[in-house]
Amino acid sequence: MAKVYNFSAGPAMLPHEVLAEAQSELLDWHGSGMSVMEMSHRGKDFMEIIHDAEHDLRTLLRIPANYKVLFLQGGASQQFSMVPLNLATESGSIDVVNTGHWSRLAIKEARRYTRVNVVASSEATQFDHVPAADTWQRDPDAAYLHYTSNETIGGLQFPDVPESAVPLVCDMSSDFLSKEVDIGRFGLIYAGAQKNIGPSGLVLVIVREDLLGRAQAATPTMLNYQVHADSDSMYNTPSTWPIYIAGLVFKWIERQGGVKGIEARNSEKAGLLYHAIDSSDGFYTTHIQAPYRSRMNVVFRLGDTSLEDAFLMEAARNGLVQLKGHRSVGGIRASIYNAMPIEGVKSLVNFMMDFARQHG
Ligand code: PMP
């Protein structure tokens, strides 16, 4: 098999061990004589798979008993409408922090269902920081406060969970399970699977029970959290294969020392890359202010942007692939989610130093 390190922002690389395990069970799951893909979602075997996945996730994140875990479809993008439909009213409003591309999409969609108050934005400075919380223009009557903990495209991450008097809602798609969080501080968290959880086709929602049962009257049945909560994510056929892989990923995280162990590794990985950028004498640059640099998506440019195509081509020749920045911002983006081994990051750093030596 070709040895590559895959820096894709998502769908992203999965732990090799997980893929090998899935391969070994692909045709016959635990002596059932069938693949997980072929099982009834209501059968005993799949019930065990989804039950274990939820149990392991609850253990990893110490999810309190008064929170529901939902395994849904439609990606994180569908949550942009589900959250306001379920938690906001047409006559009321919500508070939102605008830190980039994904916050903007969440804002745009929420405006269809409620009034949106943007409490702060760093758009004027190209989203180079998270606005200080004491400057936010909050509304004490907001139904909730929404933020995007990690802007996957911009490479901007909240260093801490913000304080909030109203329920806190977080799009945690690209840093879910990458560091410890106190779930009890949130009203609702959602995360698309294809970064730190498993294959695309699954979105996880963790919601405090008292926020259920308030959906706007026109909410489609399939977009109503209460419906999914009441049926343990089995109102209709869930995404069985991604749920199975997610379960294997949760067990893999346990073996890495849990979220705490993963967090320490992630911090080391990001540290290596930002150090390489900062010590390159401007050969590599990032405009994100240091405290807000993402540990998941390291977004940078070459001082001489005309060298970026050559950088990407030579990197790929060295087995370092999917490093191209998002089409809306260009440049380079190294996504280093949980599954990226430290060796992959070291290999990228070595390549960056060699490339700078040759072209500097
Ligand atoms: N929010 C964030 C932070 C994301 O990174 C993404 C996808 N990259 C989305 C939302 C949208 O996710 P999906 O494609 O699953 O709808």
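Residues numbered from 1 in each chain as written. Predicted model: local features only at pLDDT ≥ 70, side-chain atom pairs only at ≥ 80, totals over all residues.

Using the following cut-off: UniProt positions are given in the numbering used here, feature names are shortened, and annotations may be inferred rather than shown by experiment.
The name an unreviewed UniProt entry gives the chain is Phosphoserine aminotransferase, with Paludibacterium paludis as the organism. As stated in UniProt under Subunit (unreviewed entry), the record for the chain gives "Homodimer." Heading Subcellular location (unreviewed entry) of the UniProt record for the chain holds this comment: "Cytoplasm".

### Some words on the overall build of the chain
Operational definition: Here a strand is any run of E in DSSP of at least two residues, a helix any run of H or I of at least four, and the numbering for each starts at the N terminus. Note that the radius of gyration is over C-alpha atoms, with the globule rule given as 2.2 Å times the number of residues to the power 0.38. For the exposure call, what matters is how many other C-beta atoms sit within 10 Å of a residue's own: 20 or more marks it buried, 12 or fewer exposed, and in between partly exposed, using C-beta atoms placed from the backbone. Any residue pair is listed as a contact if its two C-beta atoms, each placed from the backbone, are within 7 Å.
When helices and strands are tallied, the chain shows nine helices and 14 strands. Its C-alpha atoms give the chain a radius of gyration of 21 Å, near enough to 21 Å, the size a compact globule of 360 residues would have. Taking the principal axes of the C-alpha coordinates as reference, the chain spans close to 60 × 55 × 30 Å. Taken across its 360 residues, the chain has 44% of its residues classed as buried. The long-range share in the chain, meaning contacts at least 24 apart out of those at least 6 apart in sequence, stands at 67%.

### Regarding the sheet that holds strand β5 (residues 145-148)
Quick reminder of the rule: Strand pairing requires that DSSP identify at least two bridges connecting the strands. The convention used is that axes are lines fitted to C-alpha atoms, helices contributing only their stretch in contact, and that angles between N-to-C directions extend from 0 to 180 degrees.
Within the open sheet, the seven strands sit side by side as β2-β10-β9-β8-β5-β3-β4. Their pairing is mixed. Each end of this open sheet is capped by a strand with a single partner; those strands are β2 (67-72) and β4 (115-121). Along the sheet, successive strands turn relative to each other by an average axial angle of 20°, direction set aside. Relative to strand β9 (residues 188-192), helix α3 (residues 75-87) is tilted by about 160°, and along the sheet it contacts β3 (93-98), β5, β8 (168-171), β9 and β10 (203-208).

### Some remarks on the environment of Gly192
Here Gly192 lies in strand β9. A tally of 26 C-beta atoms within 10 Å means that Gly192 is categorised as buried. Considering only alpha carbons, one finds Gly192 and Ile94, 98 residues apart in sequence, at a separation of 22 Å. Those residues in contact with Gly192, other than ones at most four positions away along the chain, are Gly75, Ala76, Ser173 and Val203.

### Considerations on the domain arrangement of the chain
A common measure of how large an interface is: the accessible area buried when the components associate. Note the following rule: An automatic or database domain assignment is the source of the domain bounds shown.
As assigned here, the chain comprises domain 1 (17-255) and domain 2 (258-359). Here the C-alpha centre of domain 2 lies 27 Å away from the C-alpha centre of domain 1. Taken together, the contacts link 25 residues of domain 1 with 24 residues of domain 2. Breaking the side of domain 1 that touches domain 2 down by element, the ones donating at least two residues are α2 (44-61), β7 (156-157) and α6 (240-255).

### Let's talk about the packing of α3 against helix α4 (residues 101-110)
The condition that has to hold: Any angle between 65 and 115 degrees counts as roughly perpendicular, while under 35 counts as roughly parallel, over 145 as roughly antiparallel, and the rest as oblique. Crossings are sorted by hand: turned counterclockwise from the far helix by less than a right angle, the near helix makes the crossing left-handed, and turned clockwise it makes it right-handed.
Where α3 meets α4, the axes come as close as 8 Å, and the angle between the chain directions of the two elements is 45°. In this view, α3 runs oblique relative to α4, as classed from their interaxial angle. Note on packing geometry: the crossing formed by α3 with α4 is right-handed. Contacts from Phe80, Ser81 and Pro84 of α3 reach α4 at Leu105, Ala106, Glu109 and Ala110.

### Topic: the confidence of the model for the chain
Applied cut-off: Per-residue confidence from the predictor is given as pLDDT, running between 0 and 100.
Averaged over all residues, the pLDDT of the chain is 98; the fraction at 70 or higher stands at 100%. Listed scores for the predicted complex are pTM 0.98 and ipTM 0.99.

### Structural notes on the site of the ligand
As a reminder of what qualifies: Put plainly, near means the residue's C-beta atom, positioned from the backbone, lies within 6 Å of the molecule or strand in question. Amino acid classes used here: Ala, Val, Leu, Ile, Met, Phe, Trp, Tyr, Cys and Pro are nonpolar; Asp, Glu, Lys and Arg are charged; the rest, including Gly, are polar.
Inspection of the region around the ligand gives Gly10, Gly75, Ala76, Ser77, Trp102, Thr148, Thr152, Asp171, Ser173, Ser174 and Gly192 as its neighbouring residues. The leading source of residues in the shell around the ligand is α3, at three residues. Looking at side-chain class alone, the shell around the ligand contains two nonpolar, eight polar and one charged residues.

### Digging into helix α9 (residues 342-359)
Test applied: A helix is expected to span 1.5 Å for every residue after the first. To be clear, the arc concerns the directions from the helix axis to the C-beta atoms.
Here α9 contains 18 residues, and its C-alpha end-to-end distance of 26 Å stays within 8% of the 26 Å for a straight helix at 1.5 Å per residue. For α9, every residue scored as buried is listed here: Gly344, Val345, Leu348, Phe351, Met352 and Phe355. One face of α9 carries all of its buried residues, which in axial projection span an arc of 120°. In α9, the exposed positions that point more than 90 degrees away from the buried face belong to Glu343, Asp354 and Arg357.

### A closer look at the sheet that holds strand β12 (residues 297-302)
A sheet is described by the order of its strands in space; here three strands give the open sequence β11-β12-β14, paired in antiparallel fashion. Strands at the two margins of the open sheet, each flanked by one partner only, are β11 (284-285) and β14 (332-335). When β11 meets β12, the two strands line up antiparallel, connected through two bridges. Along β12, the bridge assignment pairs Tyr284 with Leu302. Taken strand by strand, helix α7 (residues 258-278) contacts β11, β12 and β14, and its axis lies near 15° from that of β12.

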